[in-house]
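Here is how the chains run, residue by residue.
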Amino acid sequence: QQRLMLALGESHRLQNLLTEILHYAKPQVLHLSRFNLGQFFDDLLIQIQELPEAPERCITYINDFPEAEVMADVDKLKQVFLNLFRNAFEAIAPQGTVRCEIVQGSN
């Protein structure tokens, strides 16, 4: 029974992996819009605080470029940053801090 449970667990894991691979393999349709990056992060940080990995971890957020605007797919960009913050929270110890900073790059 233990081996069967292990096999089932691995089967589910591989099924999820295959689903992700197929998702990335098919062409994505982007819904581009121009938006303020600072406001995007202000809204996102509220949502990030609710992640299961967030308790006992801090975020230092600095926006040195509040007028920054980008052209992007908001939903896809949000998913990227949710994944990055989730990974960062998992990589640090409790009471650790994740730093997020918006700065104007040099041209």
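Structure's up top.
All values reported here derive from a predicted model rather than from experimental measurement.

Caption draft 1: Quick peek at the packing of helix α2 (residues 37-48) against helix α3 (residues 74-91). One can describe the packing of α2 onto α3 by two numbers: an axis separation of 11 Å at closest approach and a directional angle of 50°. The angle between α2 and α3 places the two elements in the oblique class. Classified by chirality, the crossing of α3 by α2 is right-handed. Here F40, F41, L44, L45, Q47 and I48 of α2 come into contact with α3, specifically with V74, L77, K78, F81, L82, F85 and F89. Grouping the amino acids of the contact of α2 with α3 by side-chain chemistry returns 11 nonpolar, one polar and one charged.

Caption draft 2: Summary view of the packing of aromatic side chains. If you walk through the whole model with that rule in mind, you get six aromatic pairs. When the ring of F35 is compared with that of F40, the centres are 5.4 Å apart and the planes differ by 45°; the resulting orientation is tilted. Its relative accessible area of 13% is what places F35 among the buried residues. Between the aromatic rings of F85 and F89, the centroid separation amounts to 6.3 Å while the plane-to-plane angle is 50°, which identifies the pairing as tilted. In this pair, F85 and F89 are both assigned in helix α3, four residues apart and thus about one turn of the helix distant. According to the relative accessible area criterion, F85 is buried, its value standing at 5%. The structure contains a cluster of three or more aromatic residues connected by ring pairs, namely F35, F40, F41, Y61 and F81.

What counts and what doesn't
- Residues numbered from 1 in each chain as written.
- Predicted model: local features only at pLDDT ≥ 70, side-chain atom pairs only at ≥ 80, totals over all residues.
- Heavy atoms only, no water.
- Axes fitted to C-alpha atoms, helices over the stretch in contact; angles between N-to-C directions.
- Helix = DSSP H or I, 4+ residues; strand = E, 2+ residues; numbered from the N terminus.
- Parallel < 35°, antiparallel > 145°, perpendicular 65-115°, else oblique.
- Left-handed = near helix turned anticlockwise from the far one by under 90°.
- Contact = heavy atoms within 4.5 Å.
- Nonpolar A, V, L, I, M, F, W, Y, C, P; charged D, E, K, R; others polar.
- Phe/Tyr/Trp six-rings, centres within 6.5 Å; stacked < 30°, edge-to-face > 60°.
- Buried < 20%, exposed > 50% of the residue type's maximum accessible area, 1.4 Å probe, protein only.

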